[in-house]
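One-letter residues, chain by chain:
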Amino acid sequence: VSGMFDYSGYDVNLNDDNIPEWYFLKALETGSNLAFTLSASDTKDLLETNYTMYYGAYYLNWKQKIIQLNKQLNDLGIYKSRLVNHQYVTDNVVEVEYANGLKLMINFDDDSYRDSNSGLTIAANWYIILEEGK
């Protein structure tokens, strides 16, 4: 559905299963947006309530991370194109290509990955640009 309509995954700040950078990598892999649930008020007031699941939603705690991650996604240009190819290199490494020519290799593993074809090494939980987009 990449390029057909906007979509996103789970809320980055309310899901403790993964670090924010994992959601960033998933957005690169799928052409999706990042999602956050945010509160304008300090959420410490929720500690003694039935709404403690929103404790991590205070906007000021997330502002810089939101700006940083979205700037990186926008700078790569994935939202100006659509996903045209997705293939697994290993169980935790994927290669994706966008219609604008951008080609990425994404490493979801906790160890670095050395690609035998290109000779490039991808840091753990990070990505490399194989080809720049137009």
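A short tour of the structure in this document, coming up.

Calculation notes
Residues numbered from 1 in each chain as written. Predicted model: local features only at pLDDT ≥ 70, side-chain atom pairs only at ≥ 80, totals over all residues. Heavy atoms only, no water. Patch = residues over 30% accessible without salt bridge, like charges linked within 9 Å, V, L, I, M, F, W, Y side chains within 5 Å. Areas by Shrake-Rupley, 256 points an atom, 1.4 Å probe, with all protein chains shown as cover. Salt bridge = Lys/Arg side-chain N within 4 Å of Asp/Glu carboxyl O. Helix = DSSP H or I, 4+ residues; strand = E, 2+ residues; numbered from the N terminus. Phe/Tyr/Trp six-rings, centres within 6.5 Å; stacked < 30°, edge-to-face > 60°. Buried < 20%, exposed > 50% of the residue type's maximum accessible area, 1.4 Å probe, protein only. Lys NZ or Arg CZ within 6 Å of the ring centre and 35° of its normal. Contact = heavy atoms within 4.5 Å. Pairing = 2+ DSSP bridges.

## Regarding a nonpolar patch on the surface
Item 1. Where nonpolar side chains cluster on the molecular surface, the patch consists of Leu38, Tyr59 and Leu60 and spans about 280 Å² of accessible area.
Item 2. You can see leucine 60 is positioned in helix H2 (residues 59-76).

## Section: the packing of aromatic side chains
Two aromatic rings, taken as a pair, are described by how far apart their centres are and by the angle between their planes.
Item 1. Taken as a whole, this structure holds 6 aromatic pairs when the rule is applied.
Item 2. With a centroid separation of 5.0 Å and an interplanar angle of 85 degrees, the aromatic rings of tryptophan 22 and tyrosine 23 are classed as edge-to-face.
Item 3. What makes tryptophan 22 partly exposed here is its relative accessible area of 25%.
Item 4. With relative accessibility at 6%, the residue tyrosine 23 sits in the buried group.
Item 5. Through pairs of rings, three or more aromatic residues link up here, namely Trp22, Tyr23 and Phe108.
Item 6. Residue placement shows lysine 26 over the ring face of phenylalanine 108; its charged tip is 4.9 Å from the ring centre.

## Description of the environment of tryptophan 126
Item 1. Along the chain, tryptophan 126 turns up in strand S8 (residues 126-131).
Item 2. Along the primary structure tryptophan 126 and asparagine 107 are separated by 19 residues, whereas in three dimensions their C-alpha atoms are 5.4 Å apart.
Item 3. Setting aside its immediate chain neighbours within four residues, tryptophan 126 contacts Glu21, Phe24, Leu25, Gln72, Met105, Ile106 and Asn107.

## A short note on the environment of leucine 25
Item 1. Along the polypeptide, leucine 25 turns up in helix H1 (residues 20-30).
Item 2. Judged by relative accessible area, which is 0%, leucine 25 ranks as buried.
Item 3. Distance in space between the C-alpha atoms of leucine 25 and asparagine 13 is 15 Å, their sequence separation being 12 residues.
Item 4. Leaving out residues up to four positions away in the same chain, leucine 25 has contacts with Ile106, Asn107, Phe108, Asn125, Trp126 and Tyr127.

## Things to note about the pairing of strand S4 (residues 93-98)
Item 1. Taking burial as the measure, the 6 residues of S4 include 5 buried ones, the bulk of the element.
Item 2. Alignment of strand S3 (residues 83-88) against S4, held across 5 bridges, turns out to be antiparallel. Among the inter-strand pairings, histidine 86 is bridged to a residue of S4, identified as valine 96.
Item 3. Adjacent in sequence and paired antiparallel, S3 and S4 are bridged by 4 residues.
Item 4. For S4 and strand S5 (residues 103-107), the ladder comprises 5 bridges, and the chain directions are antiparallel. Paired with valine 96 across the bridge in S5 is leucine 104.

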